[in-house]
Structure formats: structure tokens, C-alpha cells
Amino acid sequence: MIIDMHSHILPGIDDGSRNIEESVKMLDRLAEKGTDLVLATPHFYCEEQSITSFLEKRNNAYEQLKPHLKPEHPKILLGAEVLYSPVLVGNEDISKLAIESTDFVLFEMPYRKITSEIVENVSKIVDFMDVKLLIAHIERYLNFTSFSELSELLDLDVIGQINAKSLEKSSSRRACFKLIKNGYVQAIGSDYHRIDSTHIQVADAFSILDKKFGDGFTDHLMKNQVYILKNESIGFFY
């Protein structure tokens, strides 16, 4: 089962799809690549909007899209890509942003050095709040922070997601492979934003990973993503 754990396919809600027509074309492309299920994870910035207003806009965007969905399109589950902020610590409403029918929140870190304060705040969220964190596109943060600093974050009770597109370029591919070898990668997504972008799909990423790690690793990812959506414990590859 091919699951895309990160996308911006809902129309007109963030910097992803601009309208219903574009969303349908994006879903067409996902279907062509054999995607069975896609998470719709529009950006949420807690310092710019309330959780209530975000959820209203997200659900409205989905309801507008629903009449245009085709039988061959992947199933859509709703979630959010939640940008880290210390304001979120102690805010129990964060659970409302979890992936549909789970406790997992797709959590985006700031694009700067990961400090001990950030690690401490994330630790408070995972230890004392009723959510589990799936850290979005973990390979990107190595452009801003060291591997050891990122490891401090990923050694918490969190799991990591990488972007399919990061497996195209040699520099980001090396970062992904290093993270995989250290056991930090448990999910993959397209982070699909626009129809005219060059995002590769999860199925394409699996082909790259098969060549490097064998099909055992892609089987591991597929199973873990199913477990995540069932809100069950995941396994580790390394």
C-alpha cells in the first residue's frame, strides 16, 4: 500500500494547491503513480491563526474538493503540518491537529539551529501532552543545524519523515541515507505543493530506496505508515 504522509493538496488554504482544478490534477498525478492514500497536511502557524479557525478553513477546503474527487484518486485523510512554537507547549488543543483518527501530529521544526531550549520544549510536548510527533522532512534541518544537534531532537520519543524529492539530489540524498542508517526515518511523503513543481512521488522514492537498502526497508516504511494511521506502535529498521 503506497501512502503519501505529507502533502498540500487542499485548494486555496496555504502555499500548496491554488484551486480545486489544481488539486484534482495533483490527485490525478498521485493516482498515476499508484498512491493509495494521501495525507492532506496544510500548514498551521499558531502565532498567525487559531486552531479553531484553521480547522474550519481546512474542512471547508476539503468539502469543496470532495464533489470533484474521482474513484481512482487516493483516499484523503486530514491532518496539518504544525510549525513548532514554544506557545504550543501546554496547549492541549494541539491534539485537534493530529492526523485523522490518530494521535500523531506532523510537526515542522524552525529553519535554524536546534537548540537545547527547542529540544526541551519538544520533550515536554511528547512527554506530557496527548500527542505523538512525526517530525516533517527531517533531512532539511541539516542545512541549518548539525547532525548531533538534530539527533538530540530525534532521540526523543518522536519519529521522522523524509521527503521523496530529497532523494533526487546527491547532497540531500546522502543526508537521507545517513538518517536512515541511524534509525531516524519511519515515514516518507511527497510534500506535494503545486502541479507545476518537480516533486517526485513516494513510489519513485521507493525505487531509489530499494536500490540502496533493498526492498526490506521499503516494506518497513509501508508497514510503519499503516501502523501510524492505525495509531499503533511502529517498528525500527536499524
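Check the entry above for the structure.
Description of the structure in this document. (Residues numbered from 1 in each chain as written. Predicted model: local features only at pLDDT ≥ 70, side-chain atom pairs only at ≥ 80, totals over all residues. Heavy atoms only, no water.)

## What to know about the overall build of the protein chain
When helices and strands are counted, the protein chain shows 7 helices and 9 strands. In summary, the protein chain has a C-alpha radius of gyration of 17 Å against a globular reference of 18 Å for 238 residues, a match within 12%. With respect to the principal axes defined by its C-alpha atoms, the protein chain has extents near 45 × 45 × 30 Å. Taking all 238 residues of the protein chain together, 55% fall into the buried category. Of the roughly 10400 Å² of accessible surface on the protein chain, 47% is carried by carbon and sulfur atoms. The average position of the 26 basic charges and that of the 36 acidic charges among the side chains of the protein chain differ by 6 Å. (Helix = DSSP H or I, 4+ residues; strand = E, 2+ residues; numbered from the N terminus. Rg over C-alpha atoms; globule rule 2.2 N^0.38 Å. Buried < 20%, exposed > 50% of the residue type's maximum accessible area, 1.4 Å probe, protein only. Areas by Shrake-Rupley, 256 points an atom, 1.4 Å probe, with all protein chains shown as cover. Lys, Arg positive; Asp, Glu negative; His and termini not counted. Charge placed at Lys NZ, Arg CZ, Asp CG, Glu CD.)

## Section: the sheet that holds strand β6 (residues 104-108)
The 6 strands lie next to each other as β3-β5-β6-β7-β8-β9, forming an open sheet whose pairing is parallel. Strands at the two margins of the open sheet, each flanked by one partner only, are β3 (43-44) and β9 (185-189). Note that β3 and strand β5 (residues 81-83) share 2 bridges and pair parallel. Residue pairing in the sheet places His 43 in a bridge with Glu 81 of β5. Its contacts with the sheet put helix α3 (residues 116-128) on β6, β7 (132-135) and β8 (158-163), and the angle it makes with β7 is roughly 135°. (Pairing = 2+ DSSP bridges. Contact = heavy atoms within 4.5 Å. Axes fitted to C-alpha atoms, helices over the stretch in contact; angles between N-to-C directions.)

## Some thoughts on the nonpolar core
Within the largest apolar cluster, 68 residues are counted, with the highest numbers of intra-cluster contacts made by Phe 107, Val 122, Leu 133, Ile 135 and Leu 209. Ranked by the residues each element gives to this core, the list is headed by helix α6 (residues 202-213), at 6 residues. Once residues within four sequence positions are removed from consideration, Ile 135 is found in contact with Phe 107, Met 109, Tyr 141, Leu 153, Leu 154, Val 158, Ile 159, Gly 160 and Gln 161. The next biggest cluster of nonpolar side chains, apart from the first, holds 15 residues, and it includes Leu 27, Tyr 62, Leu 65 and Tyr 192. (Core = buried A, V, L, I, M, F, W, Y, C linked by side-chain atoms within 4.5 Å.)

## Points about helix α1 (residues 20-32)
With 13 residues, α1 should reach 18 Å at 1.5 Å per residue; the first-to-last C-alpha distance of 18 Å fits that figure. Sitting at the head of α1, Asn 19 places a side-chain oxygen 3.3 Å from the backbone nitrogen of Glu 21. Taken from the residues just after α1, Gly 34 is the one with a positive phi, measuring 85°. (Expected span 1.5 Å × (residues − 1). Polar contact = N/O pair within 3.5 Å; in protein donor to acceptor, adjacent residues only side chain to side chain.)

## Some thoughts on the packing of aromatic side chains
Tallying each qualifying case throughout the model produces 7 aromatic pairs. Judged by centre distance (6.3 Å) and plane angle (50°), the ring pair of Phe 147 and Tyr 184 falls under tilted. Of the two residues, Phe 147 sits in helix α4 (residues 147-154) while Tyr 184 sits in the loop between α5 (170-181) and β9, which places them 37 residues apart along the sequence. What makes Tyr 184 buried here is its relative accessible area of 11%. An aromatic cluster is built from Tyr 111, Tyr 141 and Phe 144, whose rings are joined through pairwise contacts. (Phe/Tyr/Trp six-rings, centres within 6.5 Å; stacked < 30°, edge-to-face > 60°.)

## Considerations on the side chain of Gln 186
Examined against the element boundaries, Gln 186 turns out to sit in strand β9. Within the structure, the side chain of Gln 186 is placed 3.2 Å from the side chain of His 220, a separation counted as a polar contact.

## Details of the pattern of salt bridges
If you walk through the whole model with that rule in mind, you get 12 salt bridges. Here Arg 18 and Glu 22 are joined by a salt bridge, their closest N and O atoms 2.8 Å apart. Under the relative-accessibility criterion, Arg 18 is labelled partly exposed at 43%. Overall, the relative accessible area of 4% leaves Glu 22 in the buried class. Among the ionic contacts, a cluster of salt bridges with common partners joins Arg 18, Glu 22, Arg 194 and Asp 196. (Salt bridge = Lys/Arg side-chain N within 4 Å of Asp/Glu carboxyl O.)

## Things to note about the sheet that holds strand β1 (residues 3-4)
Whenever strands of a sheet pair, they do so through backbone hydrogen bonds, lying parallel or antiparallel. One open sheet holds the 3 strands; their spatial order is β1-β2-β4, and the pairing between them is parallel. Two strands lie at the open edges of the sheet, namely β1 and β4 (75-78), each paired on one side alone. Relative to β4, strand β2 (residues 37-40) is paired through 4 bridges, and the arrangement is parallel. Counted as the bridge partner of Leu 39 is Leu 77 from β4.

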